[in-house]
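# Reading the structure
This is what each chain is made of:
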Amino acid sequence: MSVGTETPVYRGLTQSELDAQYDQRTAVPHVQDYMTRWTAWSADLRAARPPVTLAYADDPETTLHLFKGAQGGPLQVHLHGGAWRALSKEDAGFVAQGLRSAGTSVAVIDFGRAPQTCLTQMVDQVREAFLWLSRNATSLGVQAGGIVVSGHSSGAHLASCLLDARWWARAGITRQSFAGLVLVSGAYDLEPVRLSARNGYLGLSRDQAWDLTASHHLAADLPPIRVFWGDGDLPEFRRQGQAFAALLEAAGAPILSEICAGKNHFDMYDAFADPTSSVCRAAQAMAADDGRLRQRQGEET
C-alpha cells in the first residue's frame, strides 16, 4: 500500500506520519551531535564538582548522582530523556550547571531503559527515587520536603507520573512534598505513542498506555507546574504540551506554559546548562518560593 492510500490511525495521521511525529530525527537529523555534547558537558562538570553516587533501590540501574549544594538547601530532582531507551545520569549531569543556584542540590536520577525495563517498572523506579530522597533528606543534607522535579522529553513524561492521585494515596504524598515541576518537550499522553513505531520497544497495551498517562489520574491540590516546548518541536510534541497544560489548568493546578522561539527538541535540553534560561529560572524560582513559604510557616509556629 502506498503512503498516499494509508488509512489514518490517529487524529488524521497515517501510520507513517504518526511514526515520523514521534521520531525526532525527522526534524533534527544531527541528533548525535547534541548527545555527544551533553556527555562531554556532564563529564566536565563531574570533574569540576564531583557528585556523590547513591543507590535508591536494589536494582543495578537504580542509582543517582547528587551534586551537593548548601547544607539544608533546596533539592532539585532531574529525570533525563532519551525516548525511554537511551541516555543515563552520566549523560545528563550537565543539568546541574543550570539548576544549581543559591545552595541548591541537584539529584540526577538513573532508572531502567526499554526494552529491558518495561515502562511500568520505570515509573515505579522514578517514584521510588522521589520517596527515597524525601525520606533521607536530613541525612543527605537537603531540605525535607518541597522538592522541585524537572524532566525533558520522556523524562518529562516520567515526571508527570509523579502527579498520580493513586500513588499519592499509597505513598502518603501531599502537595507539600513538591515545590513544583518543570516539564520540557514531553509526550504526556501515551496513546499516540502506543500507536507509533515506538511501541516496538515499549510494548504498551491500551490499558497500560491509559494507566501511565497522568492526565487520567491527576491528584487534587497540585503544586506549581511549568510546561515548556520549542516552536521547533515536532507538531505532535507541541500539541502534547498544549493539551497537557490545558488539562492541568482545568484541574486547578498553578500552571504556566511557554513556547520557546527558535528552539528544537534538543535545543530545549541545552537550556538546562544555562542558569539564565527560562527553563532554569522557573525551577530556581520554585525552589526559592517554597523556601520562603517554609520560612514564614516556621516563624508563625
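This text goes with the structure placed above it.
Parameters and conventions
Here the residue index of a chain counts from 1 through its sequence in written order. Local features are withheld for residues below a pLDDT of 70 in this predicted model, meaning they are given only at 70 or higher, and side-chain atom pairs are given and counted only at 80 or more; totals for whole chains, interfaces and linings count all residues. With hydrogens and water set aside, each side-chain value is computed from the structure's full complement of heavy atoms. Here a strand pair is declared whenever DSSP counts at least two bridges between the two strands. Think of it this way: any DSSP run of H or I at least four residues long counts as a helix, any run of E at least two long counts as a strand, and we number them from the N terminus. If you view a crossover with the strands going away from you and the path from the first strand over the helix to the second runs clockwise, you call it right-handed. For each residue, the accessible area found with a 1.4 Å probe, counting protein chains only, is set against the maximum for its type, and the residue is called buried under 20%, exposed over 50%, and partly exposed in between.

Of the pairings in the sheet, the one linking strand β9 (residues 225-230) to strand β10 (residues 255-260) comprises 6 bridges and is parallel in character. What sits directly across from I225, in β10, is I255. For the crossover that starts at β9, traverses helix α12 (residues 235-250) and ends in the parallel β10, the hand is right-handed.

Look at the link from A114 to P115: it is a cis peptide, with omega at 0°. With respect to the helices, strands and loops of the structure, P115 is situated in the loop between β6 (105-109) and α5 (119-135). We note that A83 has phi near 60°; this positive angle belongs to a residue other than glycine. Within the element layout of this structure, A83 appears in the loop between β5 (75-79) and α3 (89-92). Even without glycine at this site, L87 takes up a positive phi of about 70°. For L87, a relative accessible area of 11% gives the class buried.

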